[in-house]
2 protein chains.
Amino acid sequence: MHTHKSTLEEVAAVAGVSKMTASRALRGAPDVSIKTRDKVLQAAERLNYLGNRLALSLSSQRTDLVAVVVPSMSNIVFPEVLAGISTGLEGSGMQAVFGISDYDVTKERNIIRDMLSWRPSAIIVTGLDQPDETVRMLKNAAIPVIQIMDLDGTPIDFNVGLSHGKAGEEMASALIAAGRKRFGYIGSALDRDLRAAKRKAGFERVLHENHLAFIGQRLGDTLSSVGLGKYLTHQLLSAEPSFDCIYYSNDDMAAGGAFAIIEASRTDDILMAGFNGLELAAALPLRIATSRSPRRMIGEVAARLALGSMAPDAPSVSKITAFVPEITGIV
Amino acid sequence: MHTHKSTLEEVAAVAGVSKMTASRALRGAPDVSIKTRDKVLQAAERLNYLGNRLALSLSSQRTDLVAVVVPSMSNIVFPEVLAGISTGLEGSGMQAVFGISDYDVTKERNIIRDMLSWRPSAIIVTGLDQPDETVRMLKNAAIPVIQIMDLDGTPIDFNVGLSHGKAGEEMASALIAAGRKRFGYIGSALDRDLRAAKRKAGFERVLHENHLAFIGQRLGDTLSSVGLGKYLTHQLLSAEPSFDCIYYSNDDMAAGGAFAIIEASRTDDILMAGFNGLELAAALPLRIATSRSPRRMIGEVAARLALGSMAPDAPSVSKITAFVPEITGIV
DNA sequence: TGTGTTACCGATACCGGTATCGATACCAAG
DNA sequence: CTTGGTATCGATACCGGTATCGGTAACACA
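Residues numbered from 1 in each chain as written. Chains lettered and ligands numbered in written order. Predicted model: local features only at pLDDT ≥ 70, side-chain atom pairs only at ≥ 80, totals over all residues. Heavy atoms only, no water.

### Some remarks on the packing of helix 8 (residues 164-177) of chain A against helix 9 (residues 194-209) of chain A
The angle between the axes and the distance between the axes are what describe a pair of packed helices. All names here are of chain A. Interaxial distance between helix 8 and helix 9 falls to 6 Å at its minimum, and their mutual angle equals 40°. Accordingly, the angle class assigned to the pair helix 8 and helix 9 is oblique. Remark: the crossing between helix 8 and helix 9 carries right-handed chirality. Contacts between helix 8 and helix 9 involve His 164, Gly 165, Gly 168, Glu 169, Met 171, Ala 172, Ser 173, Leu 175 and Ile 176 on the former and, on the latter, Arg 195, Lys 198, Arg 199, Gly 202, Phe 203, Arg 205, Val 206 and Leu 207. By residue class, the composition of the contact of helix 8 with helix 9 is 7 nonpolar, 5 polar and 5 charged. (Axes fitted to C-alpha atoms, helices over the stretch in contact; angles between N-to-C directions. Helix = DSSP H or I, 4+ residues; strand = E, 2+ residues; numbered from the N terminus. Parallel < 35°, antiparallel > 145°, perpendicular 65-115°, else oblique. Left-handed = near helix turned anticlockwise from the far one by under 90°. Contact = heavy atoms within 4.5 Å. Nonpolar A, V, L, I, M, F, W, Y, C, P; charged D, E, K, R; others polar.)

Here you go:
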């Protein structure tokens, strides 16, 4: 068993051909005789030859790497996006490299700089609200930049996602149309989760248009979680008893809200609304309203854009892919 | 604004020094005069020099990449592991590359082969049950292999995780000690999720020792989810009404079970037990039992091993890091 | 037999960095 | 003035592949 990494040169030596011929044979190039090809393949097999993508990429000036930056892994949303990206990249020979920014723009900048030094073929970043310096760096990279999740802002290049402002608006409209009037809001870390803030702002715009407003709200400062949603809901309900609807920053928080209601065994009719359309939300013993965000799909589309935009015969694809979240759970 | 990627050579030219001196200056090597260093740094700044990790790695024969293979991203467990890895790698200059195997050994092998061709400095894979061919490939890579999550089996090199067999045993012991006697089981895809299967086997061992057995079970064949847990629980309860405890393959399924109980508004005392200690489980309006698995910590330790084991002065670290999950939720 | 063509293969020059060794200049000591 | 040491820098050879071009042999055809 060979435990050191064998090189193309060694494979060539064993096969009794030149490095160049071995390279061609392994890549399935046309001008190699069947006999030679087999010799090389056998040699490679025998030496457990793996190839060296570093050398390949450096030499051929293309990297087969797609950089991905997401803000968090602590709820299921971004993992699902990553799964979508992984699916979209499958079979293409591309590899995803990822980084987590923890909703921190400085960290995000550092991660992006790091990523770019790997010379990826494309980079997928979350949101449109990068500071100027980061934007400059991304533009400078001269590779396709794909900003995902959010549409509210000015994209650098490609943009796949949905308008969170509009999602908030439409949820508010739907809830008002369903007869709700006394609204509360529960969210957290809106200074960092800008998309949640945009949803809230959109929601409030519609409230104002209808001469309504949140009559009570609770804001946490840690990242959203089921427990936090439950805790804040308990707080809000014990302080101000007369809501008929609570809008949450997302489904995790809303699920916590549902748990609070169940625990308190309240029988008054409060409709809770979240965002994302998590699998969890649909299974709750209490119906909650939510906007279904196509997370996997966004990842898949982003991956296809990453692949497609560098194909030589790249058809002129749309720079912006907009999804409209479907609202469910309002009777 | 320079939009093409600038090279070290160009930086050197602008600074009026040789490539080598520029390289030294940028890396902060000692034998460069302050004046020269500043000239080079300014030139790099002006050209937006980024560096090229491919060339660096190829030249220096080390890659600063850590490959990570996980089976799934569809529940929060593995994302949390990844977050832990990301945290553990932070500041080290290492980058994580990841792949999702979808609980498919063939896919896993292909992903690992792909990863290895990037010549990572270490590789982190999930579980101990890789087929021989994959094991051979991993051994052959001559880099630290870190197998995570599971301890029940023969590790290739490093091993960080917990014994799922024992976790099942201890949960069973605790439940029996708490007076439970009539057990049901609900799980899914046990042919692929081998760790869940090991927990079930451990649980059953203790049941048998106590002259007990599952008196009813339901197995799904899709991946576990809250909805599936709820569905199977409804099924099980309507068919066989007399359980006092149901063991689930994990917390997602158990949460679904809790929802089923709440929906059916059953007042009989059925204790549901899961595995993982998810944040969700603690927030449920119904107390469920669970074993807390240190997912983030496993990721962090794995990352530290990846870093530590290649340090030149690597202290002889333990090859196996065993965690013992804490059981909560049993009154 | 001479001449193209085609099929196959190898030599060489890169890709963008780093390791290594040697060169130069400058200064202090003898 | 010579010698030696130190600080600073550059030339060169890699790392492991691929692109490119040129060479050789075999075959078809005139």
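From this point, things continue past the structure.
### A few points about the sheet that holds strand 7 (residues 214-220) of chain A
Residue and element names in this part refer to chain A. Taken in spatial order, the 4 strands make up an open sheet running 7-6-8-9, and their pairing is parallel. Two strands bound the open sheet, and with one partner strand each, they are strand 7 and strand 9 (271-273). The average undirected angle you get between the axes of adjacent strands in this sheet is 15°. Two elements, strand 6 (residues 183-188) and strand 8 (residues 245-248), share 4 bridges in a ladder whose sense is parallel. Note that in strand 8 the partner of Gly 184 across the bridge is Ile 246. On top of the sheet, helix 10 (residues 226-239) reaches strand 6, strand 7 and strand 8; it is set at about 145° to strand 7, its chief contact. (Pairing = 2+ DSSP bridges.)

### So, the protein's contact with DNA strand C
For DNA strand C, the set of nearby residues contains 24 residues, the closest of which are Thr 21 and Thr 36 of chain A together with Lys 19, Ser 23 and Ser 59 of chain B. A share of 57% of the atoms of DNA strand C within 4 Å of the protein falls on sugar and phosphate groups. A distance of 2.3 Å is found between a phosphate oxygen of DNA strand C and a side-chain nitrogen or oxygen belonging to Thr 21 of chain A. Among the elements of the structure, helix 2 (19-27) and helix 4 (53-60) of chain A together with helix 2 (19-27) and helix 4 (53-60) of chain B are those that each provide at least two residues to the surface near DNA strand C. Element by element, the count of residues in the surface near DNA strand C is highest for helix 2 of chain B, at 5 residues. (Near = heavy atom within 4 Å. Polar contact = N/O pair within 3.5 Å; in protein donor to acceptor, adjacent residues only side chain to side chain.)

### Thoughts on the interface of chain B and chain A
Contacts between the two partners involve 59 residues from chain B and, on the opposite side, 58 residues from chain A. Summing the contributions of chain B and of chain A, the shared interface buries around 5,400 Å²; its carbon and sulfur component is 65%. Among the residues chain B hides against chain A, the three largest losses belong to Leu 54, Trp 118 and Arg 119 of chain B. Together they make up 14% of the total. Here Lys 107 of chain B makes a salt bridge to Glu 90 of chain A, at a shortest N to O gap of 3.3 Å. Applying the counting criterion to the chain B and chain A interface returns 14 residue pairs in polar contact (both at pLDDT 80 or more). Sorting the residues of the side of chain B that touches chain A by element identifies helix 4, helix 5 (77-89), strand 2 (95-100), helix 6 (105-116), helix 7 (132-140), helix 10 (226-239), helix 11 (251-263) and helix 12 (279-283) of chain B as the ones contributing at least two each. Its residues assigned to classes, the side of chain B that touches chain A comprises 30 nonpolar, 16 polar and 13 charged. (Buried area = accessible area lost by both parts, 1.4 Å probe. Salt bridge = Lys/Arg side-chain N within 4 Å of Asp/Glu carboxyl O.)

### Focus on the protein's contact with DNA strand D
Not every one of the 24 residues close to DNA strand D is listed here, only the nearest: Lys 19, Ser 23 and Ser 59 of chain A together with Thr 21 and Thr 36 of chain B. Between Ala 55 of chain A and DNA strand D, the recorded distance is 3.4 Å, taken from a backbone N or O atom to a base nitrogen. One of the side-chain nitrogen or oxygen atoms of Arg 24 of chain B is found 2.7 Å away from a base nitrogen of DNA strand D. Of all the elements in the fold, those that place two or more residues in the surface near DNA strand D are helix 2 and helix 4 of chain A together with helix 2 and helix 4 of chain B. If you tally residues by element for the surface near DNA strand D, the top one is helix 2 of chain A, at 5 residues. Across the surface near DNA strand D, the residue classes tally to 9 nonpolar, 10 polar and 5 charged.

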